[in-house]
Amino acid sequence: QVQLVESGGGLVQTGGSLRLSCVASGSTFIVSFAGWYRQAPGKQRELVAGLAIGGTTNYADSVKGRFTISRDSAKNTVYLQMDNLKPEDTAAYYCKVQRLVGWGTQDYWGQGTQVTVSS
């Protein structure tokens, strides 16, 4: 079993910055993919930033140039640096880690952390 604990959300003004953290605990595992998703009220959950096993990153068009995903393997932590925040970034943010297992992969999700950007 793997547990993901998120932190770093909060209330900021337009143009401000936040850094979200996602710390994994429990079983030792190999990560094939790590990502940050967000979900606003009444909308579907969407991928905003992803980090693949080879180090390749990808971002939603709406956050390119403003958000950066990274990881610190020694601390079992994935980060999302969010700069120049906009009101449309307001959402609950969830981290996901994909674990390699014997016959495939398994996804694990964090509990979510709220980001609110005021205008």
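Quick note: structure is the one above.
The following refers to the structure shown. (Residues numbered from 1 in each chain as written. Predicted model: local features only at pLDDT ≥ 70, side-chain atom pairs only at ≥ 80, totals over all residues. Heavy atoms only, no water.)

**Section: a nonpolar patch on the surface**
Now for step 1: Side chains of Ile-30, Ile-53 and Leu-100 sit close together on the surface and give an oily, nonpolar patch of about 300 Å² of accessible area.
Now for step 2: As for its position among the elements, Ile-53 is in the loop between β5 (46-52) and β6 (57-59).
Now for step 3: Ile-53 gets classed as exposed once you look at its relative accessible area, which sits at 60%. (Patch = residues over 30% accessible without salt bridge, like charges linked within 9 Å, V, L, I, M, F, W, Y side chains within 5 Å. Areas by Shrake-Rupley, 256 points an atom, 1.4 Å probe, with all protein chains shown as cover. Salt bridge = Lys/Arg side-chain N within 4 Å of Asp/Glu carboxyl O. Helix = DSSP H or I, 4+ residues; strand = E, 2+ residues; numbered from the N terminus. Buried < 20%, exposed > 50% of the residue type's maximum accessible area, 1.4 Å probe, protein only.)

**With respect to the pattern of salt bridges**
Now for step 1: Following the criterion strictly, the structure yields 5 salt bridges and no others.
Now for step 2: The partner of Arg-38 in a salt bridge is Asp-89, with the nearest N and O atoms 2.9 Å apart. Of the two residues, Arg-38 is situated in strand β4 (residues 31-39) and Asp-89 in the loop between β8 (77-82) and β9 (91-101); the sequence distance between them amounts to 51 residues.
Now for step 3: On the accessibility criterion, Arg-38 (6% relative accessible area) is buried.
Now for step 4: Asp-107 is paired through a salt bridge with Lys-96; the nearest N and O atoms lie 3.8 Å apart. Placement of the pair is Asp-107 in strand β10 (residues 104-109) and Lys-96 in strand β9, with a sequence separation of 11 residues.
Now for step 5: On the accessibility criterion, Lys-96 (9% relative accessible area) is buried.

**Observations regarding the sheet that holds strand β3 (residues 18-26)**
Now for step 1: As summarised here, the arrangement of the 4 strands in space is β1-β3-β8-β7, forming an open sheet in which the pairing is antiparallel. A single partner strand is all that each edge strand has here, and the edge strands are β1 (2-7) and β7 (67-72). For this sheet, the mean inter-axis angle between neighbouring strands, taken without regard to orientation, is 15°.
Now for step 2: Where β3 lies against β8, 6 bridges are found, and the strand directions are antiparallel. Note on β8: the bridge partner recorded for Leu-20 is Leu-80. (Pairing = 2+ DSSP bridges. Axes fitted to C-alpha atoms, helices over the stretch in contact; angles between N-to-C directions.)

**Details of the environment of Ala-40**
Now for step 1: Its place among the elements puts Ala-40 in the loop between β4 and β5.
Now for step 2: Separated by 75 residues in sequence, Ala-40 and Val-115 place their C-alpha atoms 9.9 Å apart.
Now for step 3: Once residues within four sequence positions are removed from consideration, Ala-40 is found in contact with Thr-90 and Ala-91. (Contact = heavy atoms within 4.5 Å.)

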